Amino acid sequence: MKILVVGQGGREHTLVWKLAQSRRVEKIYCAPGNAGIAQIAETLPMPDRFTDLADWAESENIALTVVGPEAPLAEGIVDVFSERGLKAFGPDKRAARLEASKDFAKQLMLENGISTAEHQTFTDVEAAMAYIEDQNRPVFVKANGLAAGKGVIPGRTFKEALQAVKTILVDKAFGDAGDSVVIEEELIGEEASFTVLTDGSHCLPFVSSQDHKMSHDGDTGKNTGGMGAYSPAPVITPELHDYVMQHVVYPTINGMADIGSPFKGVLYVGLMITDTGPKVLEFNCRFGDPEAQVLLPRLKSDLVPLLIACIDGTLADHADVQWHDEAAACVVMASGGYPDPYQTGEIITGLEDADAIEGVSVFHAGTTHDGENIVTAGGRVLGVTAIADGLHNAIQQAYKGVSAIHFNKTHFRNDIGHRALKKS
Ligand code: AMP
Ligand code: GLY
């Protein structure tokens, strides 16, 4: 069959890489893709309108479209494809609200008894300020809508929280995504990512993972899309896994079905493991990036039938999914300056040397071709990933891969997996 993948990041490179291993797949296309994806798939420009892409998919007999990022999901790409009878993996527009509206997600959690930070939503600055004053404790201030992972601002002091509200509601730093703000209590604990595939009623959990959101070592610096990830995450014990499935995942999926908006696709639950149990920080309606880079290499089974089963509502028939026992680690190599402004167009060398290291796969994010060269084209440039016996070895191999690769002003964290290594 022919498959189309939508997106251009490290997550999409990993999806294309995994799908290409399926015996059922004869050809993969990716819109718009990147330089790494272009080595294993045919890339095409992403049209402005989903209907144009659906026209193209129809004419090319694309059997399955896999949508990587949240933005097209929230804008209804799956609705456009499904209306034409084209199979597209991911939630429809209404279901994607779980990520696209933090207020919607919070309401769903409240109505279904899912544990999360106490919160209130505001459109009015004065009312938000009064709430913060009344709280008199550290809060997190969040743009309600999609803000490319940047719309969350800590408000640990009164002044910081007020400034965050102004940035979002008045300065409109995140555009329409900041028409309202969610203000919530700060949760203390260790974070973990919990990912499941779902067909709207049945859920198939992935192995556990954890990412590193802050830009610099020791979890300092700024919040980013993610500077690295590893799997498994020892913080998710088997007991915690069962608890999250029973008290978070199924109540969410059932809650969505109950309101007539069944959620099909990837549900990614961002959790804070607090002293009083796991609490939901956020829902995402797609694979995490860079979590996908460590989750998909650990999946031994063919991904294609699983994705199709999510669309067809037959995921319960796939209880026999197989995983590799090896651990996986991904170190993100970014452009110096990221997440603030950075330069692009830097020539990247050593990619093949890194790929040749045992267990290492280099997944591209912000890369493009410039003549003969592969050059940087984004903030997160590469996700150097390794799979090996035990986390310690996986991390070591990933860093060997990083040492083989060069571009000007590279920035990466040196401590990916530090929490897990402390536990082992
Ligand atoms: P989100 O996009 O909502 O996951 O927020 C991005 C990051 O901000 C999370 O991964 C956490 O590190 C942090 N964060 C968000 N909400 C809270 C909270 N209520 N308490 C503590 N940290 C938070
Ligand atoms: N790595 C976090 C995310 O994909 O949202």
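Everything below is about the structure shown above.
The text that follows walks through the structure, step by step, so that each part is easy to find.

Reading guide: rules and limits
- Residues numbered from 1 in each chain as written.
- Chains lettered and ligands numbered in written order.
- Predicted model: local features only at pLDDT ≥ 70, side-chain atom pairs only at ≥ 80, totals over all residues.
- Heavy atoms only, no water.
- Helix = DSSP H or I, 4+ residues; strand = E, 2+ residues; numbered from the N terminus.
- Near = heavy atom within 4 Å.
- Polar contact = N/O pair within 3.5 Å; in protein donor to acceptor, adjacent residues only side chain to side chain.
- Areas by Shrake-Rupley, 256 points an atom, 1.4 Å probe, with all protein chains shown as cover.
- Buried < 20%, exposed > 50% of the residue type's maximum accessible area, 1.4 Å probe, protein only.
- Arc of directions from axis to C-beta.
- Contact = heavy atoms within 4.5 Å.

## A few points about unusual backbone geometry
In this structure, Pro-32 follows Ala-31 across a cis peptide bond, with omega equal to -5°. Backbone torsion omega between Asp-289 and Pro-290 reads 25°, so that peptide bond is classified as cis. Along the chain, Pro-290 falls in the loop between β17 (277-284) and α10 (291-295). Its identity as a non-glycine residue notwithstanding, Lys-409 has a phi of 55°, on the positive side. Within the fold, Lys-409 resides in the loop between α13 (391-404) and β23 (410-411).

## Some thoughts on the site of ligand 1
Near ligand 1 you find 14 residues, and of these Glu-184, Glu-185, Leu-187, Glu-191 and Glu-282 are the closest. With respect to ligand 1, the backbone of Leu-187 contributes an N or O atom lying 2.8 Å from a nitrogen atom. For ligand 1, an oxygen atom lies 2.4 Å from a polar atom in the side chain of Glu-191. Protein chains bury 91% of the 470 Å² of accessible surface belonging to ligand 1 in isolation.

## Section: helix α2 (residues 50-59)
For α2, the set of buried residues is Phe-50, Leu-53, Ala-54 and Ala-57. Along the axis of α2, the buried positions cluster into a sector of 100°, meaning they face one direction only. Those residues of α2 that are buried lie in contact with β1 (2-7), β2 (27-32), β4 (62-67), α3 (70-74) and α4 (77-83). Asn-61, located one to two residues past α2, shows a positive phi value of around 55°.

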